[in-house]
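Examination of the molecular architecture
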There are 2 protein chains.
Amino acid sequence: MELSKRMQSMPYSAIRKLTPYADKAKAQGKHVYHLNIGAPDVETPQEFFDAINNADLDVLSYAPAAGLMDLREAMADYYKANDIPMEASDIVITAGGSEALLFALLALTDIGDEVLTCEPYYTNYFSYFKWAANEYVTFPTSVENNFHLPSKEEIVSKITDRTKVLLLSNPGNPTGTVYTKAEIRLLADIAKEYNLYIIADEVYREFIFDGAEYQSFGSLDDIDDRLIIIDSISKRYSACGARIGCLATRNNELRDAFVKLATGRLAAPTLEMIGAAALYRKTPEYFQEVNREYQHRRDVMVEELNKIEGVTCSNTAGAFYTIADLPIEDADHFCRWLLEEFDVDGETLMMAPAAGFYEHSENFRNQVRIAFVLNAESLKKSANILAEGLKAYKAR
Amino acid sequence: MELSKRMQSMPYSAIRKLTPYADKAKAQGKHVYHLNIGAPDVETPQEFFDAINNADLDVLSYAPAAGLMDLREAMADYYKANDIPMEASDIVITAGGSEALLFALLALTDIGDEVLTCEPYYTNYFSYFKWAANEYVTFPTSVENNFHLPSKEEIVSKITDRTKVLLLSNPGNPTGTVYTKAEIRLLADIAKEYNLYIIADEVYREFIFDGAEYQSFGSLDDIDDRLIIIDSISKRYSACGARIGCLATRNNELRDAFVKLATGRLAAPTLEMIGAAALYRKTPEYFQEVNREYQHRRDVMVEELNKIEGVTCSNTAGAFYTIADLPIEDADHFCRWLLEEFDVDGETLMMAPAAGFYEHSENFRNQVRIAFVLNAESLKKSANILAEGLKAYKAR
């Protein structure tokens, strides 16, 4: 029996492909620091669990396809407070940002249509391009200018007749880049000029460091017909396991299409939506505190990484990732080796080889994506394991 | 801005397409009996909520892509107790049976490949054929023989070079048909002869009435390489809102493909998996009690429906649906009229027009699918609304 050709051509997510080796290391009694995945160790606010425990349901029935109205209303309030005008009726709840992207691609593209995005891009986008049978094209960004946009000419040179969508994460995953107002304006203008939809992945909206200004696509008032925001509570409220996200758009036809798709899979999980509604009612002070913590982690991580001989990484401005250049040839092999053959006092480290985040991956085989999602102490230990690991790897 | 062509060709789920009219009826203060959707009013076992409330997590982090091992183990024990040999490692947890079907189609079929199923079929399958860009072919079944299989000749006459998968729900949705041992054997033999995968949707496995015998595809020992079971806790434990299902297969290559797809969307919801593990540890007595209740509801529903002049329905043997012939031309219009213009003492009724469950829908416009998921008293009231509604509809 043969698998489908599309299945055979589907790679493992770069974020989790080394998981079997991490599992083996743990089975041997090693502790593994997970810097491979954006799974924060920050506590999920107690309000989430309290709301679920107090729900007092007799029957856990299907929620409405578009999601619980209470959550959609809480999200609308949150958006308005962030200068993103969205009504509850503009929002469709999804099983994480992942399902939101799938729905957006199905609604906006036909088979073989192209999505334009930057390189490097979030590796799991690639899964969804495969699922929705899309092609993709990328414009390059590089560590030299902290992964900011190239010129308009370079961007538009990638657009073809089949390009239907511009997809961008801001702050960027895996780069941590926070795009300037001028950059967001430029992309909106390109979308208008070339009649593209914009899928704005803004799940890291709150994680902005050094007091930088954040420009959401949702605050622009001339792209209502073409803008879809993808969002998620995973990072925002440290609730990755809830699998609650949303699509938000001011284009009513599109919103109806999303409801239709949502109806096809019946509903998102009821209890997790009840918890999420409580999270969206937290006050802005919550984000200030969390942001301080992540900025501290960023400081520690970038400082420790740049101390290591031969390692360079950018001074990430947002989200909680950084792309690091390592003084090795094959990060895939090195990361696997760390898990299989190396430890410092019984502890080792899992990172995501960055090649999986690139269209032209052959040029970036020495890079890793590092998620600074653990506490500062763990990050320091992780950097030490990396430093010692690099020495031992070279000395093999 | 244009939606994609595939989106434009996607119909609303027949189960929920009339929801806006039901919402309006409710806004006018009417009570609506929902016989349109298999959303039981049976209480979700308290163990589900207790397990979640006792989980005591600080951080709601991503679960493993294939699901929590504790749940996979509980499921394996359940399968073994049902004479379906499955190990925990054969099982991948999904966001309901819906995501399970999507993963199966992506792994087994390429764009344009055909799925063979019976007509009528579960209407939401159609959404997934669209999402996965499949075509489908159907062999006919009819109310005259309680929707059992036609001859082998008739079934295989539908198979083409592009047919890759046989998909069947057993007990049948929307028909309630429980296939005999000989029928399941016949389909397994056809799958072997024509080299088809079998996707067995067995989410209603426990709902078998009148002491009938149930034959799972999973109990056959000569189709390990081609069998995928789709399952869900939604109906089994009256937990539709949890969105927990699974894929189970003894084909290791396929299982690895499912894990890879699961990795692309990161994880299923953590808390709901914790609750589901507790459900799968319930003893078989639970099902006996629930089954008695549903058999009673079936008895009431079928008796009451057949009392109505011009209405006929089959004596459903399993699941909790029946297809009823109504003495009208256009069930879609009638169902909408019931919601918009009719009530008995402030109460009305929502049913699913059955045409959406047929490939050749033009021949079945007078049928509805009725889910007998409410208590007997509500079912009697619903039948009365239907009887009075039919009279008033004709007298317009």
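Bear in mind that the values here come from a model prediction, so they are computed numbers and not experimental data.

About the thresholds
Residues numbered from 1 in each chain as written. Chains lettered and ligands numbered in written order. Predicted model: local features only at pLDDT ≥ 70, side-chain atom pairs only at ≥ 80, totals over all residues. Heavy atoms only, no water. Salt bridge = Lys/Arg side-chain N within 4 Å of Asp/Glu carboxyl O. Helix = DSSP H or I, 4+ residues; strand = E, 2+ residues; numbered from the N terminus. Buried < 20%, exposed > 50% of the residue type's maximum accessible area, 1.4 Å probe, protein only. Axes fitted to C-alpha atoms, helices over the stretch in contact; angles between N-to-C directions. Parallel < 35°, antiparallel > 145°, perpendicular 65-115°, else oblique. Contact = heavy atoms within 4.5 Å. Nonpolar A, V, L, I, M, F, W, Y, C, P; charged D, E, K, R; others polar. Least-squares fit on C-alpha atoms with pLDDT ≥ 70 in both. Pairing = 2+ DSSP bridges. Buried area = accessible area lost by both parts, 1.4 Å probe. Polar contact = N/O pair within 3.5 Å; in protein donor to acceptor, adjacent residues only side chain to side chain.

**With respect to the pattern of salt bridges**
- Scanning the entire structure with this criterion turns up 54 salt bridges over all chains.
- Note that Asp224(A) and Arg250(A) form a salt bridge whose closest N and O atoms lie 2.8 Å from each other. Highlighted residues: Asp224(A) in the loop between strand 6 (197-201) and strand 7 (227-232) and Arg250(A) in the loop between strand 8 (245-248) and helix 9 (252-264), separated in sequence by 26 residues.
- A relative accessible area of 30% means that Asp224(A) is categorised as partly exposed.
- Arg185(B) is the partner of Asp222(B) in a salt bridge, and the nearest nitrogen-oxygen pair spans 2.7 Å. Residue Asp222(B) is located in the loop between strand 6 (197-201) and strand 7 (227-232), and its partner Arg185(B) is located in helix 8 (residues 181-193); the two are separated by 37 residues in the primary sequence.
- Taking the relative accessible area as the measure of exposure, Asp222(B) reaches 25% and is therefore partly exposed.
- Judged by its relative accessible area of 27%, Arg185(B) is partly exposed.

**Some points on the packing of helix 12 (residues 331-341) of chain B against helix 13 (residues 376-394) of chain B**
All names here are of chain B.
- As a packed pair, helix 12 and helix 13 sit with axes 11 Å apart at the nearest point and diverge in direction by 105°. Taken together, helix 12 and helix 13 sit at an angle that is classed as roughly perpendicular. Seen from helix 12, the contacting residues are His333, Phe334, Trp337 and Leu338; seen from helix 13, they are Leu386, Gly389, Leu390, Ala392 and Tyr393.
- For the contact of helix 12 with helix 13, the per-class residue count stands at seven nonpolar, two polar and no charged.

**Examining the relation of the copies chain B and chain A**
- In the superposition of chain B on chain A (RMSD 0.0 Å, axial shift 0.0 Å), the rotation amounts to 180°. In the structure described here, the two chain copies are related by an operation that fits a two-fold rotation axis. It is Asn53(B) whose C-alpha, among those of chain B, lies nearest the rotation axis, at 2.9 Å.
- When you check the interface residues of chain B against chain A, 100% turn up at the interface there too, and the contact is symmetric in its surfaces.

**As for the sheet that holds strand 8 of chain A**
Residue and element names in this part refer to chain A.
- Reading across from one edge, 2-8-7-6-5-3-4 is the order of the seven strands in this open sheet, with mixed pairing throughout. With partners counted over all chains shown, the strands left at the sheet margins are strand 2 (91-94) and strand 4 (135-140), one partner each. Adjacent strand axes in the sheet meet at a mean angle of 25° when their direction is disregarded.
- Sheet topology note: the strand 3 (residues 114-119)/strand 4 ladder contains six bridges and is parallel. Looking at the pairing, glutamate 114 lines up with glutamate 135 of strand 4.
- Strands in contact with helix 9 are strand 2, strand 6, strand 7 and strand 8; relative to strand 2, the strand with the most contacts, it is inclined by about 25°.

**A look at the pairing of strand 8 of chain A**
All names here are of chain A.
- Alternating positions in strand 8 separate into two faces, Gly245 and Leu247 on one and Cys246 and Ala248 on the other, with burial throughout.
- Taken together, the four bridges between strand 2 and strand 8 define a ladder with antiparallel strand orientation. Bridging across to strand 8, threonine 94 finds its partner in glycine 245.
- Where strand 7 lies against strand 8, four bridges are found, and the strand directions are antiparallel. When the sheet's bridge partners are listed, isoleucine 229 is paired in strand 8 with alanine 248.

**Here's the deal with the interface of chain B and chain A**
- Taken together, the contact pairs 81 residues of chain B with 81 residues of chain A.
- On the chain B side of the contact with chain A, Met1(B), Arg6(B) and Tyr62(B) bury the most area, a combined 13% of that side's loss.
- For the interface between chain B and chain A, the tally reads zero salt bridges.
- Linking chain B with chain A are 37 residue pairs in polar contact (both at pLDDT 80 or more).
- Among the secondary structure elements, those contributing two or more residues to the side of chain B that touches chain A are helix 1 (5-8), helix 3 (46-53), helix 5 (96-108), helix 6 (123-131), helix 9 (252-264) and helix 10 (270-280) of chain B.
- In terms of residue count, helix 9 of chain B provides more of the side of chain B that touches chain A than any other element does, nine residues in total.
- When its residues are assigned to classes, the side of chain B that touches chain A shows 46 nonpolar, 18 polar and 17 charged.

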